[in-house]
Amino acid sequence: EDKVVQSPLSLVVHEGDTVTLNCSYEVTNFRSLLWYKQEKKAPTFLFMLTSSGIEKKSGRLSSILDKKELFSILNITATQTGDSAVYLCAVTSGTYKYIFGTGTRLKV
Amino acid sequence: NAGVTQTPKFRILKIGQSMTLQCTQDMNHNYMYWYRQDPGMGLKLIYYSVGAGITDKGEVPNGYNVSRSTTEDFPLRLELAAPSQTSVYFCASSYGTSVYEQYFGPGTRLTVT
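Described below are features of the structure shown in this document. (Residues numbered from 1 in each chain as written. Chains lettered and ligands numbered in written order. Predicted model: local features only at pLDDT ≥ 70, side-chain atom pairs only at ≥ 80, totals over all residues. Heavy atoms only, no water.)

1. Comments concerning the packing of aromatic side chains
Counting across every chain of the model gives 12 aromatic pairs over all chains. Note on Phe-100 of chain A and Tyr-35 of chain B: the rings are 5.4 Å apart at their centroids and 80° apart in plane angle, and the pair reads as edge-to-face. In this pair, Phe-100 of chain A sits in strand E10 (residues 97-100) while Tyr-35 of chain B sits in strand E4 (residues 31-37), so the two residues belong to two different chains. For the pair Phe-100 of chain A and Tyr-35 of chain B, one class covers both residues: buried. Through a chain of ring-to-ring contacts, three or more aromatic side chains come together here, namely Tyr-36, Phe-45, Tyr-98 and Phe-100 of chain A together with Tyr-33, Tyr-35, Phe-90 and Phe-104 of chain B. Stacked on the ring of Phe-74 of chain B, the Lys or Arg Arg-68 of chain B has its end atom at 5.9 Å from the ring centre. (Phe/Tyr/Trp six-rings, centres within 6.5 Å; stacked < 30°, edge-to-face > 60°. Helix = DSSP H or I, 4+ residues; strand = E, 2+ residues; numbered from the N terminus. Buried < 20%, exposed > 50% of the residue type's maximum accessible area, 1.4 Å probe, protein only. Lys NZ or Arg CZ within 6 Å of the ring centre and 35° of its normal.)

2. Concerning the state of the cysteines
Residue and element names in this part refer to chain B. Applying the stated rule across the entire model yields two disulfides over all chains. Note that Cys-23 is cross-linked by a disulfide to Cys-91, the S-S spacing being 1.8 Å. Handedness of the Cys-23-Cys-91 disulfide follows from its S-S torsion of about -70°: it is left-handed. With Cys-23 in strand E3 (residues 19-25) and Cys-91 in strand E9 (residues 87-94), this residue pair connects regions lying 68 residues apart in the sequence. (Disulfide = S-S within 2.5 Å.)

3. A few points about the pattern of salt bridges
Counted by the stated rule, this structure contains five salt bridges over all chains. Note that Arg-36 of chain B and Asp-38 of chain B form a salt bridge whose closest N and O atoms lie 3.0 Å from each other. (Salt bridge = Lys/Arg side-chain N within 4 Å of Asp/Glu carboxyl O.)

4. A closer look at the interface of chain A and chain B
Listed per partner, the contact involves 20 residues of chain A and 22 residues of chain B. For chain A, the biggest contributors to the area lost against chain B are Tyr-96, Tyr-98 and Phe-100 of chain A; these three give 37% of the whole. The tally of links from chain A across to chain B stands at zero salt bridges. For the pair chain A and chain B, the number of links is three residue pairs in polar contact (both at pLDDT 80 or more). Listing elements by their share of the side of chain A that touches chain B, those giving two or more residues are strand E4 (30-38), strand E5 (43-49), strand E9 (85-93) and E10 of chain A. No other element matches the five residues that E4 of chain A contributes to the side of chain A that touches chain B. Across the side of chain A that touches chain B, the residue classes tally to 10 nonpolar, eight polar and two charged. (Contact = heavy atoms within 4.5 Å. Buried area = accessible area lost by both parts, 1.4 Å probe. Polar contact = N/O pair within 3.5 Å; in protein donor to acceptor, adjacent residues only side chain to side chain. Nonpolar A, V, L, I, M, F, W, Y, C, P; charged D, E, K, R; others polar.)

5. Digging into the nonpolar core
General note: in soluble globular proteins, nonpolar side chains tend to be found buried as a group. Residue and element names in this part refer to chain A. If you look at the biggest cluster of nonpolar residues, it comprises 23 residues, and the most contacted ones within it are Tyr-25, Leu-33 and Trp-35. Elements supplying a minimum of two residues to this core: strand E3 (19-26), E4, E5, strand E7 (61-66), strand E8 (71-76) and E9. Each residue touching Leu-33, except ones within four places of it in the same chain, is listed here: Cys-23, Tyr-25, Phe-47, Met-48, Leu-49, Leu-65, Ser-72, Cys-89, Ala-90 and Val-91. (Core = buried A, V, L, I, M, F, W, Y, C linked by side-chain atoms within 4.5 Å.)

6. Quick notes on the sheet that holds E3 of chain A
All names here are of chain A. Taken in spatial order, the five strands line up as E1-E3-E8-E7-E6 in an open sheet, and their pairing is antiparallel. With partners counted over all chains shown, the strands left at the sheet margins are strand E1 (3-7) and strand E6 (56-58), one partner each. Neighbour-to-neighbour, the strand axes of the sheet open up by a mean angle of 15°, direction not taken into account. Of the strand pairs in this sheet, E1 and E3 are connected by five bridges, and their pairing is antiparallel. Of the residues in E3, the one forming a bridge with Gln-6 is Cys-23. (Pairing = 2+ DSSP bridges. Axes fitted to C-alpha atoms, helices over the stretch in contact; angles between N-to-C directions.)

7. A look at the side chain of Ser-93 of chain B
All names here are of chain B. By the element assignment, Ser-93 lies in strand E9. With a relative accessible area of 0%, Ser-93 lands in the buried category. Polar contacts involving the side chain of Ser-93 include one to the side chain of His-29, which spans 2.8 Å. Filtering out sequence-adjacent residues up to four positions away, Ser-93 remains in contact with Val-4, Gln-25, Met-27, His-29, Tyr-31, Met-32, Tyr-33, Glu-101, Gln-102 and Tyr-103.

Next up, the structure:
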């Protein structure tokens, strides 16, 4: 069965800290891995990764994928209160399947 | 562009009632999806559609039905509501699939009592 596991489930940090969120997966026919940020409402897209070892960056956020070890990390540097949210990882498998993890709840 | 819109935002149903959750997108996306999100859980796919007139079941389709008569609209119908259907429902759309991000609507919080 395809699955996506995120860790930690939740964490609390102080403003200015750096955090690393983890996403590991076991899926057949991997196509891509996506990160979303979910505040009170709908998830909003952060990154999509398809190739190993290529870092994607957007401001203080960055992410990288390791297709050999089947995981991705999302780094947030110099955290701010506005970073408080649930961060969701999803992996696509085959033609339509987006498999979501349970998320990491970050409180800054 | 409004993106993906959903109505209603909130709804309380009694056991056995029926209702339709509306979803509309104005991005001309072929792919549309319905998810439910239970507290502390990830998103579970209920139904998806690859274009007007074509729908298929996801992971948790029981108790739900969908239709897709136009590219823009993808309503989700709940028949005979049960407490287990209490959840937050998200509609999403994407230009393509697998290597395209999904755009989500604001969600509908449904309580069945």
